[in-house]
Amino acid sequence: MDLVGRWWNEISRGPERRDIWLHQVDDRWLVRARDGGPGGRELTWPAFRDEWVARAWVDRLIAASPPSEGRWRDVLKLVRKPPAGGWHAPAGMD
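The model shown is predicted, which means the values in this text are computed figures rather than measured ones.

About the thresholds
- Residues numbered from 1 in each chain as written.
- Predicted model: local features only at pLDDT ≥ 70, side-chain atom pairs only at ≥ 80, totals over all residues.
- Heavy atoms only, no water.
- Helix = DSSP H or I, 4+ residues; strand = E, 2+ residues; numbered from the N terminus.
- Contact = heavy atoms within 4.5 Å.
- Buried < 20%, exposed > 50% of the residue type's maximum accessible area, 1.4 Å probe, protein only.
- Pairing = 2+ DSSP bridges.
- Axes fitted to C-alpha atoms, helices over the stretch in contact; angles between N-to-C directions.

**Student:** I would appreciate a short explanation of the side chain of R17 in the present structure.
**Tutor:** By the element assignment, R17 lies in the loop between β1 (2-8) and β2 (18-25). Those residues within four positions of R17 in sequence are excluded, and the remaining contacts are R6, W8, N9, I11, S12, R34, D35, G36 and G37.

Written out as structure tokens, the structure reads:
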């Protein structure tokens, strides 16, 4: 299982903390989300066949989060060098 994306709402602790992970498992994409920080409630959705569908689900989870619950950051982009050509959505998703 490879970690492809990780998002955090910039709240360090407490019930308002939110985390989202995107994993690639062979040819499938897995989305996990947790609220409340370590020990909080964690949800996992059935594996997606396409990366863009999984990323759209991540976007939907972020959009559903109230603005009062922090500003979302892609943690991997903060700590990882961009791939050659930069970060891009699939064709037609721009």
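**Student:** Whenever I open this one, the environment of P46 confuses me. Can you help?
**Tutor:** Checked against the element boundaries, P46 lands in the loop between β4 (41-44) and α1 (51-64). Looking at P46, the relative accessible area reads 64%, which means it is exposed. In this structure, the C-alpha to C-alpha distance between P46 and R32, residues 14 residues apart in sequence, is 9.6 Å.

**Student:** Even after reading the chapter, I still don't get the sheet that holds strand β5 (residues 73-74), so can you show me in this structure?
**Tutor:** Backbone hydrogen bonds hold the strands of a sheet together, and the pairing may be parallel or antiparallel. If you walk across this open sheet you meet the five strands as β4-β3-β2-β1-β5, and the pairing is antiparallel. Looking at strand neighbours, the two that pair on one side only are β4 and β5, the edges of this open sheet. Relative to strand β3 (residues 28-35), β2 is paired through eight bridges, and the arrangement is antiparallel. Paired with W21 across the bridge in β3 is R32. With respect to the sheet, α1 is in contact with β1, β2 and β3, its orientation differing from that of β3 by roughly 15°.

**Student:** In this structure, what is going on with unusual backbone geometry? I would like to understand it.
**Tutor:** Glycine aside, the phi torsion of most residues is negative, and most peptide linkages are trans. A positive phi is found at E10, a non-glycine position, where the angle reads about 65°. Positive phi values are uncommon outside glycine, yet D26 reaches one of about 55°. Within the element layout of this structure, D26 appears in the loop between β2 and β3. For D26, a relative accessible area of 69% translates into the label exposed.

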